[in-house]
Amino acid sequence: MLNDRPIRHWNGLTIPDPGLYLLDEAHKRVGFHAQHMMVSPVRGEFAVAAATISIADDPLQSAVTATIQAASIDTNNRDRDTHLRSPDFLHAAHYHTLEYRSTGVKWLGGDEDIFKWARLRNNPLTRRASMVALPDSSTGDTGRIVVTGDLTIKNVTQPVDLTVDYGGARRDPDGREIFGFSATAEIDRESFGLLWNVALERGGVLVGKRVHIEIAGEAIRQGRSF
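Residues numbered from 1 in each chain as written. Predicted model: local features only at pLDDT ≥ 70, side-chain atom pairs only at ≥ 80, totals over all residues. Heavy atoms only, no water.

A.B. asks: Honestly, the pairing of strand β5 (residues 49-55) in this entry has me stumped. Any pointers?
C.D. replies: For a regular strand, side-chain orientation follows a simple rule: the groups alternate between the two sheet faces. Counted residue by residue, β5 has five buried out of seven residues, so it is predominantly covered. Sheet topology note: the strand β3 (residues 19-36)/β5 ladder contains four bridges and is antiparallel. Paired with L22 across the bridge in β5 is T52. Examined bridge by bridge, β5 and strand β6 (residues 63-69) share six bridges and lie antiparallel to one another. Each bridged residue has a counterpart across the sheet, and for A50 the counterpart in β6 is T67. (Buried < 20%, exposed > 50% of the residue type's maximum accessible area, 1.4 Å probe, protein only. Helix = DSSP H or I, 4+ residues; strand = E, 2+ residues; numbered from the N terminus. Pairing = 2+ DSSP bridges.)

Written as structure tokens, this is what we have:
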């Protein structure tokens, strides 16, 4: 009988075997939200995105690259989406993609009262987490890492760290090796040249400058890359 999990353990986790993994189109969300008129969040996502994740023998030597199609932005409002694709924001007709390239991986582990992690280990390579009940560490299903990297929007590149909640690894019903994750980050859109705004009569601005990134997905192993 085929075991439903890759047989590899690291820091108490069941982790993916080394190899090349691609983001599963059917199980992904590349989302975001920003404040509107200083009072409420507007949520959206990019419908078309691809990511390649290279899992190394040493997990802290792993790397990720991602490409997001700017024109695929969707906030469930046609007029707003047209404006977001315009030169005022993403200028999608000229800058077709947003790109992310990792530069390092940091593992957060521990035995603290809140998170039950034991240590912080840094390696110079390459959603904001909510308070949730964690399974017993013996299950080897969850963990948290920080992926450091560079995000490029409209030919402007800035460092952006992703806080990643690792969801575990196993085989799907088709026998493919997969792992799941969610990730969050926060960026200042103005640092990428997305400066458009309108001052409100009673103070504040129409569009918040802070954008919260929310990513979730599964990745499928393609073959060994190390």
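A.B. asks: Help me out: how do you make sense of the nonpolar core in this one?
C.D. replies: Nonpolar side chains in soluble globular proteins tend to be buried together. Within the largest apolar cluster, 47 residues are counted, with the highest numbers of intra-cluster contacts made by F46, I53, Y100, I153, L162, F179 and I187. Elements supplying a minimum of two residues to this core: β3, β5, β6, β8 (97-108), β10 (143-153), β11 (156-171), β12 (177-188) and β13 (207-223). (Core = buried A, V, L, I, M, F, W, Y, C linked by side-chain atoms within 4.5 Å.)

A.B. asks: Explain unusual backbone geometry here, please?
C.D. replies: Trans peptide bonds make up the majority, and among non-glycine residues the majority have a negative phi. For N11, which is not glycine, the phi torsion reads 50° and is therefore positive. For K154, which is not a glycine, the phi torsion comes out positive at approximately 55°. Within the secondary structure, K154 sits in the loop between β10 and β11.

A.B. asks: What is the right way to look at the confidence of the model for the chain in this model?
C.D. replies: Reading predicted coordinates in detail is not appropriate for stretches of low pLDDT. Confidence in the prediction of the chain, expressed as mean pLDDT, is 83, and 80% of residues score 70 or more. pLDDT under 50 marks residues 110-139. Its contacts with residues more than four places away, or in other chains, come to 71 contacts. (pLDDT = per-residue confidence, 0-100. Contact = heavy atoms within 4.5 Å.)

A.B. asks: Whenever I open this one, the pattern of salt bridges confuses me. Can you help?
C.D. replies: Scanning the entire structure with this criterion turns up eleven salt bridges. Ionic pairing is found between E99 and R101, a salt bridge with its closest N-O pair at 3.1 Å. Since its relative accessible area comes to 37%, R101 is described here as partly exposed. A salt bridge links R210 to E186, with the nearest nitrogen and oxygen atoms 3.1 Å apart. On the criterion of sequence distance, the pair formed by R210 in strand β13 and E186 in strand β12 is long-range, its members being 24 residues apart. In this structure, a network of salt bridges that share partners links the residues R29, R43 and E214. (Salt bridge = Lys/Arg side-chain N within 4 Å of Asp/Glu carboxyl O.)

A.B. asks: What am I meant to see in the packing of aromatic side chains here?
C.D. replies: The geometry of an aromatic ring pair comes down to the distance between the two centres and the angle between the two planes. Counted under the stated rule, the structure contains six aromatic pairs. On the basis of an interplanar angle of 65° and a centroid distance of 5.2 Å, the ring pair of Y21 and F179 is categorised as edge-to-face. Judged by relative accessible area, which is 1%, Y21 ranks as buried. Judged by its relative accessible area of 7%, F179 is buried. Ring pairs connect the aromatic residues Y21, Y166, F179 and F181, which therefore count as one cluster. (Phe/Tyr/Trp six-rings, centres within 6.5 Å; stacked < 30°, edge-to-face > 60°.)

A.B. asks: Help me understand the pairing of β12, please; the structure alone is not making it clear to me.
C.D. replies: Here β12 lies mainly inside the structure; eleven of its twelve residues are buried. A loop of five residues connects β11 with β12, the two strands running antiparallel in sequence, and G175 in this loop sits at a positive phi of about 85°.

A.B. asks: Explain a nonpolar patch on the surface here, please?
C.D. replies: Together, M37, M38 and V39 give the surface a local cluster of nonpolar side chains, amounting to about 310 Å² of exposed area. Among the structural elements, M38 can be located in the loop between β3 and β4 (40-46). (Patch = residues over 30% accessible without salt bridge, like charges linked within 9 Å, V, L, I, M, F, W, Y side chains within 5 Å. Areas by Shrake-Rupley, 256 points an atom, 1.4 Å probe, with all protein chains shown as cover.)

A.B. asks: I keep staring at the side chain of E99 and nothing clicks. Help me out?
C.D. replies: With respect to the helices and strands, E99 occurs in strand β8. In this structure, E99 is in contact with A66, T67, D150, L151 and T152, ignoring residues within four places of it in sequence.

A.B. asks: Whenever I open this one, the environment of A47 confuses me. Can you help?
C.D. replies: Examined against the element boundaries, A47 turns out to sit in the loop between β4 and β5. The sequence separation of A47 and V30 amounts to 17 residues, and the corresponding C-alpha distance is 7.3 Å. Residues in contact with A47, not counting those within four places in the same chain, are E25, K28 and S72.

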